[in-house]
Amino acid sequence: MWKTRRRKTATYSDGRQTVILGGLLWVDGSSNAADDLKRLWFFARDIPEPLDTLLTLHHEGGKAAITRHVRDTAGLRVFPSKKEYLAQVRSFFEVGENAFSLLNRAAGLKQINSIDQIFRELVLDDRSAFDRAAEVAREFDTLHGIYEELQTARRQRDSLLPIRQGKADWEKVAAKLSARRCLKEILPVWFAEVAVHLWQAEVGKLTVAKEETGSRLRAAEELADNHERRVQTLNEEYLRHGGAAIQGIEELIRAKEQLCAQIRGAAGQYETYATALGLAAETDEATFHSNRRRLPEVKAAAESAHADARQHALNLAAELAGHRETEHTLSTEIQQVEARPNSNIPAPHQAFRELLANELGIACDDLPYVAEMIEVKATEHRWQGAIERAIGSERLRILVPAHRMDDALSWINHRDNRLHIRLQRAESFPAEARFFEDGFTRKLDYRNHPLREHVKLLLSRRDRHCVESIETLRRTEHGMTVEGTMSDRDGRFEKQDQKPLASGWMTGFDNRHLLATLQAERKQTRETIARLDEKNRTLARAERECSQKLILIGQLESLDFAKIDTAGAEQDLEHQRQRLADLTRPDSDAATAKARHDEASEELKRAKAEVTRLTKQLGGHETSLESATKELTHARARRGDGLAEEDTALARKEFPLTDIQHAHQLTDAERSANQALDQKIQRAEEQKTDAEKRLIRLMGNAKTADTGALSDVGTELRDLDAYLSRLKTLEDESLPEKLGRFLEYLNQSSGQGVTQLLTQIANDVTLIQERVTDLNATLSRVDFRQGQFLQLHTQSIAHPTLQQMETAQRKLRHIVLSQREDEGEAHYRALGEVVRQLREAAEKRHTLGAQALLDPRHRLQFSVVEVDRATGRSSGARKGSQTGSGGEKEIMASYILTASLSYALCPVGAAVPCYATIVLDEAFSKSSPAAAARIIEALRAFGLHPLFVTPNKEISLLKSHTRSAVLVHNKNKRATLTSLTWEEIEEHARSRKKDPSNQTDPSDRTSTPP
């Protein structure tokens, strides 16, 4: 096997240690393909001539032999990839990651458009904290998990706390109920004791009253006997003087007076009846017989009016019953509509849809009516009546999913549906609907539903142009006006006004219009019912009046004139009174005897009345005494052995009875006390029941909030202790432990992570500013122009994201320093806000706000100013080298790049770079000697070691700034390198002038180290 090998090495030494960098390249076999080229890079510290050793090993054993040798050799490392190799080189020389990229960009760069871009992308290392911010966010997620555990424990505690209070309330109510039940037991005995006391007093009082009344009764009876004997004596004397005849006349006069009163009453009633019937009201005999002759005519008219009123009442009752049935139907439909608030579809159709949905085993929402899927836009409300009319019966068409259509048709076909059923097979993805630009379909909102597109397709087939005038309608086919007039093809027009345009609306996403329509109809029906009720009452009154007239006519037909002849009756009465007056003249003996008899009779009457009164009073006393004695006996029996002293004191406190003056009041008082106590007991029982239900409900809630400790515990009252034990465990153990863990993690882990992250970013920004200050110190030693030098300025960026973060940090610091007694809640929320912003920035790392927050490079903006060395005054800041002449642009770009390279190559804290070699290709190809001199001076000021690659024609420009040159000579497609001092080069030039045949190839290039 053939092998072709190449090698490159570079040796670096600072006098104390030597580093050799190199690479081996080889191809196995005779291939010249680039993919077959093998590479191995090595890094050797203080190892003499490692390349020869590696070549020998590779020749003998290949790459495996080199690998074994490296494992046994300290200070030697090999790398199969260039990336790993360069990482080792950068690490050793403490070169920033961007240094090589900056070197590549710096070559041939004549001006700088943006200093910010150079520094951020090529100079400053990427120390962005996006990954660390995401890590901090994950740490906060851990804190959030701890917080959620704490909150879970708190929720468990909070769900158990009401149980402890509920148990206390329940025990309090139970104690109150027990006390009231005890009062219930002692109440009868207490009232019995009070009754015994009061009835004893009542019996004593009634005994005394009975004895006193008995004495007065005996005296009154003796006086009445005396008066009775005197009346008998005087009556005998009166009869002897004609008193019997006078008594007979007096009795006859009293009878005649009663008869006259009856006849006057009958005459008055006759006058009333006659007036009511439209007859003469006089009671003389001629008028009476005249009225009698007119009665048949009046009776016939009354009977006719009664029949008419009766028939009208029957007709009205039938009409009223119909309206009442309508009102009941509307009320029922309103209830059904209110139960379905998302539809204007009439209740019978909704009820049918429910039956169909149950049959198909799907939800009602999956079987929408077309009217339920659309709603007229609020801005187009005036068109709703016309749109409703245009859609017509399609509003009541049910959309059935295509895969359920066969089942729906089969079910509907085999039953009497009692409705006009309209179905539409609906696809989820129908053809695209096309609406008229001015069609009513564009005035609709469509419900968000899987069948929405099919509704659009269905309505597009019925779409009409909306026009504002009849003139436009005449010229437009398939048009309509807002008043509901519609046009078709061939000059046909129609307007369906069977119903008002504003009635019968069904479209809409809710039932407002249908409900309003039904309520308006019910209101109108109720008003009709009220009007018919009033009319019915009027007819009833007319019917009653006719009935009363017929009754009056019947009574008048059977009436005899003698029953209303007041004149004859009064004449007869006056005759009897004259006879009595003749017999009872004041000067007669009979009159004198009668006066004495009447006086004695009055005295006897008064005496008997007193006897009767006293007899009744005595009987009342005896009855009362007997009753009081029974009540006393009954009270003593109820009292039994009485109450204990403490029960008596309790009863006296609860039922003082200080306002009871008589024993009879006790019954009502006891009844009231019993009722009040029963009510209290009932309320206490209800309160106890409610407390028990509440405890059971609270235990259920606590068990729901629990995470396992109460899984085997029931929710009955006997399980209370388990819940209270769990509460005690939470309060004494779990919560303090979880709270301590939360506060510890909050203060130490998560909080410190945020603080360290933000502090590190701030420190990185400060470090950039400090290093720029060091660069400025170097820049100040090199003139940009005569008496002028450059300075880099940094300015902090005030991005809104940074301001928000600073606000959140200030709030967090304030809360931490204020040490609120809220168990870290405010601290957690404030930290959560900071972490939220960090998380958002980490997730959106390419936004300016995220970069300003988490990338130190984007917290500063860079500019350059010229400073007068004599006065110290500076010119306006520039963001690049765009202004000025071409030479000034190149010099400024070179100065900025030189400073940038120094920044990128120089380790932190060092004055000069460890690795200072840079290669400048086509160096100063268009620069003046003065500009080149200033640039080279700047390179030296920053401690850089430049290698200038330039054609031979520019070699004189660098002669004064370098010590030697490496000449590259191409001959026969082979390149040779020769390192010569300037003296040797000048000698070669002189010899070339002497021998013109010795010419250098025009493609030769020279590398000149300083």
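Residues numbered from 1 in each chain as written. Predicted model: local features only at pLDDT ≥ 70, side-chain atom pairs only at ≥ 80, totals over all residues. Heavy atoms only, no water.

Taking an unreviewed UniProt entry as the reference, the chain is identified by name as Chromosome partition protein Smc belonging to Haloferula sargassicola.

Participant: Explanation requested: the overall build of the chain in the structure shown.
Facilitator: Scanning the chain from terminus to terminus reveals 25 helices and 19 strands. Taken over 1010 residues, the chain has a buried fraction of 41%. Sequence-distant contacts in the chain: of pairs separated by 6 or more residues, those separated by 24 or more amount to 73%. Surface summary for the chain: the accessible area is close to 57200 Å², and the carbon and sulfur share equals 49%. (Helix = DSSP H or I, 4+ residues; strand = E, 2+ residues; numbered from the N terminus. Buried < 20%, exposed > 50% of the residue type's maximum accessible area, 1.4 Å probe, protein only. Contact = heavy atoms within 4.5 Å. Areas by Shrake-Rupley, 256 points an atom, 1.4 Å probe, with all protein chains shown as cover.)

Participant: Quick question: what am I supposed to make of the pattern of salt bridges here?
Facilitator: Once their charged atoms are close, side chains differing in charge can pair, the charge on each being opposite to the other. All chains considered together, the criterion is met by 39 salt bridges. With its nearest N and O atoms 2.8 Å apart, the salt bridge here joins arginine 324 to aspartate 533. On the criterion of sequence distance, the pair formed by arginine 324 in helix H7 (residues 285-338) and aspartate 533 in helix H13 (residues 512-557) is long-range, its members being 209 residues apart. Exposure remark for aspartate 533: the relative accessible area of 19% places this residue in the buried category. Between arginine 397 and glutamate 394 there is a salt bridge, and its shortest N-O distance comes to 2.7 Å. When salt bridges that share partners are traced, they join Arg154, Glu823, Glu825 and Arg829 into one network. (Salt bridge = Lys/Arg side-chain N within 4 Å of Asp/Glu carboxyl O.)

Participant: Is there a simple way to think about the packing of helix H8 (residues 347-360) against helix H10 (residues 405-413) in this case?
Facilitator: A pair of packed helices can be characterised by two numbers: the angle between their axes and the separation between those axes. In the contact formed by H8 and H10, the axes pass within 10 Å of each other and the chain directions differ by 120°. Here H8 lies oblique to H10, going by the angle between them. Regarding H8 and H10, the two cross each other, and that crossing is right-handed. Between H8 and H10, the contacting residues are Phe352, Leu355, Leu356, Glu359 and Leu360 on the first element and Asp407, Ala408, Trp411 and Ile412 on the second. (Axes fitted to C-alpha atoms, helices over the stretch in contact; angles between N-to-C directions. Parallel < 35°, antiparallel > 145°, perpendicular 65-115°, else oblique. Left-handed = near helix turned anticlockwise from the far one by under 90°.)

Participant: Please explain the UniProt feature "coiled-coil region" (unreviewed entry) in the chain as it appears in this structure.
Facilitator: Here the UniProt-annotated "coiled-coil region" (unreviewed entry) positions come out as residues 210-237, 515-545 and 667-701. Segment residues 515-545 splits into 100% helix and 0% strand. End C-alpha atoms: 45 Å apart. The distance separating the terminal C-alpha atoms of residues 667-701 is 50 Å; by composition the span is 100% helix and 0% strand. (UniProt positions renumbered as here; feature names shortened; annotations may be inferred.)

Participant: Mind showing me how you'd approach helix H11 (residues 452-460) here?
Facilitator: Structural remark: α-helix, 3.6 residues per turn; residues separated by three or four positions point the same way. Burial of H11 is extensive: seven of the nine residues sit out of reach of the surface. Regarding H11, the residues found buried are His454, Val455, Lys456, Leu457, Leu458, Leu459 and Ser460. On its buried face, H11 is in contact with strand E5 (374-376), helix H9 (384-391), strand E6 (397-401), strand E7 (422-426) and strand E8 (444-446).

Participant: Would you mind going over the packing of aromatic side chains with me for this structure?
Facilitator: Each aromatic ring pair is specified by the distance between its two centres and by the angle formed by the two planes. As enumerated under the stated definition, the model contains nine aromatic pairs in all. Taken together, the ring pairs in this structure connect Phe140, Tyr147, Phe742 and Tyr828 into an aromatic cluster. Geometry around tyrosine 446 places lysine 456 over its ring, the cationic atom sitting 5.3 Å from the centre. (Phe/Tyr/Trp six-rings, centres within 6.5 Å; stacked < 30°, edge-to-face > 60°. Lys NZ or Arg CZ within 6 Å of the ring centre and 35° of its normal.)

Participant: Help me understand the nonpolar core, please; the structure alone is not making it clear to me.
Facilitator: Soluble, globular proteins show a tendency: their nonpolar side chains are buried together. Core analysis: the biggest nonpolar cluster contains 53 residues, and Ile163, Phe742, Leu838 and Leu854 have the highest contact counts within it. Among the secondary structure elements, those contributing two or more residues to this core are helix H5 (130-240), helix H17 (665-705), helix H18 (720-779), helix H19 (800-818), helix H20 (825-843) and helix H21 (848-854). At 14 residues, the largest contribution of residues to this core is made by H18. In contact with leucine 854, other than residues within four places in its own chain, are Arg127, Ser128, Ala129, Phe130, Ala133, Leu757, Ile761, Leu838, Ala841 and Ala842. Counting residues in hydrophobic clusters, the runner-up holds 30 residues, among them Leu177, Val189, Val194 and Ile660. (Core = buried A, V, L, I, M, F, W, Y, C linked by side-chain atoms within 4.5 Å.)

Participant: I would appreciate a short explanation of the confidence of the model for the chain in the present structure.
Facilitator: Regions with low pLDDT carry predicted coordinates that are not meant to be interpreted in detail. Across the chain, the average pLDDT comes to 79, with 83% of residues at or above 70. Within the chain, the lowest mean pLDDT, 48, falls on strand E19 (residues 1005-1008), and the highest, 95, falls on strand E10 (residues 479-480). A low-confidence stretch, residues 1001-1008 stays under pLDDT 50, and its non-local contacts, those more than four residues away or across chains, total 38 contacts. (pLDDT = per-residue confidence, 0-100.)

Participant: I tried to follow unusual backbone geometry on my own but got confused; where do I start?
Facilitator: Peptide bonds are mostly trans, and most non-glycine residues show a negative phi. Positive phi outside glycine occurs at aspartate 46, with the angle close to 55°. Its place among the elements puts aspartate 46 in the loop between strand E3 (37-45) and helix H1 (50-71). For glutamate 823, which is not glycine, the phi torsion reads 55° and is therefore positive.

Participant: I'm lost on the pairing of E7 in this one. Help?
Facilitator: In regular strands, side chains alternate between the two faces of the sheet. The element E7 is largely enclosed, with a buried count of four among its five residues. Note that E6 and E7 share five bridges and pair parallel. Residue pairing in the sheet places arginine 397 in a bridge with arginine 422 of E7. (Pairing = 2+ DSSP bridges.)

Participant: Looking at this structure, how should I read the packing of H19 against H20?
Facilitator: At a minimum axis distance of 9 Å, the contact between H19 and H20 shows a crossing angle of 160°. In terms of their interaxial angle, H19 and H20 are classed as roughly antiparallel. Pair H19 / H20 crosses with left-handed handedness. Residue-level contacts link Thr801, Gln804, Met805, Ala808, Gln809, Leu812, Ile815 and Val816 of H19 to Ala826, His827, Ala830, Leu831, Glu833, Val834, Gln837 and Leu838 of H20.

Participant: What is the right way to read a positive patch on the surface from this model?
Facilitator: A contiguous patch of positive charge on the surface is contributed by Lys172, Lys176, Lys680 and Arg683. Along the chain, lysine 680 falls in helix H17. (Patch = residues over 30% accessible without salt bridge, like charges linked within 9 Å, V, L, I, M, F, W, Y side chains within 5 Å. Lys, Arg positive; Asp, Glu negative; His and termini not counted. Charge placed at Lys NZ, Arg CZ, Asp CG, Glu CD.)

Participant: It is not clear to me how the side chain of glutamine 156 should be interpreted in this structure. Could you clarify?
Facilitator: When you line up the elements, glutamine 156 lands in helix H5. Glutamine 156 has contacts with Ala705, Asp706, Thr707, Arg726 and Leu730, leaving out every residue within four places of it along the chain.

Participant: How do you make sense of the side chain of arginine 522 when you look at a structure like this?
Facilitator: With respect to the secondary-structure elements, arginine 522 resides in helix H13. Here arginine 522 is buried and forms no salt bridge, its nearest opposite-charge partner glutamate 327 lying at an N-O distance of 5.0 Å. Excluding residues that lie within four positions of it along the chain, arginine 522 makes contacts with Glu327, Leu330, Ser331 and Ile334.

Participant: Sorry, what's going on with the environment of glutamate 599 here?
Facilitator: Looking at where glutamate 599 falls in the secondary structure, it is placed in helix H15 (residues 589-639). In this structure, the C-alpha to C-alpha distance between glutamate 599 and valine 231, residues 368 residues apart in sequence, is 8.8 Å.

Participant: Honestly, the environment of valine 834 in this entry has me stumped. Any pointers?
Facilitator: Within the fold, valine 834 resides in helix H20. Take valine 834: its relative accessible area is 0%, and that puts it in the buried class. Taking C-alpha positions, valine 834 is 8.0 Å from valine 754, a pair spaced 80 residues apart along the chain. Residues contacting valine 834, with those up to four places away along its chain left out, are Val754, Leu758, Met805, Ala808, Gln809 and Leu812.

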